[in-house]
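One-letter residues, chain by chain:
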Amino acid sequence: MFRVMLFEPRIAGNTGSLIRVSAATGCELHLVEPLGFGLSEPKLRRAGLDYHDLAHVVVHPGFDEALAAVPDARIFAFTVAGSTRHDNIAYQAGDVLLFGPEPTGLPAEVAHHPRVSDRARIPMLAGRRSLNLANAATIAVYEAWRQHGFAGGS
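Parameters at a glance
Residues numbered from 1 in each chain as written. Predicted model: local features only at pLDDT ≥ 70, side-chain atom pairs only at ≥ 80, totals over all residues. Heavy atoms only, no water. Core = buried A, V, L, I, M, F, W, Y, C linked by side-chain atoms within 4.5 Å. Buried < 20%, exposed > 50% of the residue type's maximum accessible area, 1.4 Å probe, protein only. Helix = DSSP H or I, 4+ residues; strand = E, 2+ residues; numbered from the N terminus. Contact = heavy atoms within 4.5 Å. UniProt positions renumbered as here; feature names shortened; annotations may be inferred. Expected span 1.5 Å × (residues − 1). Pairing = 2+ DSSP bridges. Axes fitted to C-alpha atoms, helices over the stretch in contact; angles between N-to-C directions. Phe/Tyr/Trp six-rings, centres within 6.5 Å; stacked < 30°, edge-to-face > 60°.

### Topic: the nonpolar core
So, step 1. In terms of nonpolar packing, the biggest core is built from 29 residues, with V4, L6, F78, Y91 and F99 touching the most fellow members.
So, step 2. Secondary-structure elements contributing two or more residues to this core are β1 (3-7), α1 (12-25), β2 (28-32), β4 (75-78), β6 (96-99) and α5 (133-147).
So, step 3. Among the elements that make up this core, the one with the highest residue count is α5 (eight residues).
So, step 4. Every residue in contact with F78, bar those within four places of it in the chain, is listed here: H86, Y91, L97, L98, F99, L106, A120, I122 and A140.
So, step 5. Of all hydrophobic cores here, the second largest spans 16 residues; its members include F63, A66, L67 and V116.

Below, the structure is given as structure tokens:
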């Protein structure tokens, strides 16, 4: 399956929502510290409902450690400045979909890291700043999963 990596997420509710998406789709969720909340925070638990035990969540102390955990994976950095539309990528099992913190997005040094295969964007109307993190990651996961025929889904 695919991997979603959140670089230094700040809002517990978004991460909780992505825990639920991870459980519903089978994708792994990788969180890169520092986090802007505690993993026992009520908003995180509430947004993830009872899906925490069904999700595969890995916490990494930093970006280097997160990259080391996915040594052969292609990494797609999602950013409003991305050059490739998210649905024009031929996703492969094991790909990493990398997203930055709310509200700033990925720092340039992360988006342009040598391990990043490409910078992807999700279309929006002109003049809009960005999508909600959980919504953007969900769009990307479901596109990647769709390309694989929703393997394992019902």
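Picking up where we left off.
### Quick look at the UniProt feature "binding site: S-adenosyl-L-methionine" (unreviewed entry) in the protein chain
So, step 1. Residues annotated in UniProt with the feature "binding site: S-adenosyl-L-methionine" (unreviewed entry) correspond here to G100, I122 and S130. Sequence-wise these annotated residues cover 31 residues; spatially they are packed, their C-alpha atoms never more than 13.9 Å apart.
So, step 2. Its location among the elements puts G100 in the loop between β6 and α4 (108-111).
So, step 3. Along the chain, I122 falls in the loop between β7 (116-121) and α5.
So, step 4. Once residues within four sequence positions are removed from consideration, I122 is found in contact with F78, H86, L131, A136 and I139.

### Remarks on α1
So, step 1. End to end, α1 covers 20 Å across 14 residues, agreeing with the expected 20 Å (1.5 Å per residue, within 8%).
So, step 2. When we look at burial in α1, the residues that qualify are A12, N14, T15, G16, L18, I19, V21, S22 and T25.
So, step 3. Where α1 terminates, the next one or two residues include G26, which has phi positive at roughly 85 degrees.

### Looking at the sheet that holds β6
So, step 1. Taking strand neighbours across the sheet as the criterion, the seven strands line up as β3-β2-β1-β6-β4-β7-β5 in an open arrangement whose pairing is parallel. Each end of this open sheet is capped by a strand with a single partner; those strands are β3 (56-60) and β5 (84-85).
So, step 2. Note: β1 against β6, four bridges, orientation parallel. Of the residues in β6, the one forming a bridge with M5 is L98.
So, step 3. Contacts from α1 reach β1, β2 and β3, with the element oriented near 155 degrees to β2.
So, step 4. The strands that α5 touches are β1, β4 and β6; relative to β6, the one it contacts most, it runs at about 160 degrees.

### Thoughts on the packing of aromatic side chains
So, step 1. One pass over the full model with this rule turns up six aromatic pairs.
So, step 2. When the centroid spacing of 5.9 Å and the interplanar angle of 75 degrees are considered together, the rings of F76 and Y91 count as edge-to-face. Pair noted here: F76 is in strand β4 and Y91 is in the loop between β5 and β6, with a separation of 15 residues, a long-range link. Comparing F76 with Y91, the two get one shared label, buried.
So, step 3. Geometrically, the ring pair formed by F78 and F99 is stacked, given 4.6 Å between the ring centres and 20 degrees between the ring planes. Remark: F99 occurs in strand β6 and F78 occurs in strand β4; sequence separation between them is 21 residues.
So, step 4. Using a relative accessible area of 7% as the deciding quantity, one classes F78 as buried.
So, step 5. A relative accessible area of 4% places F99 in the buried class.

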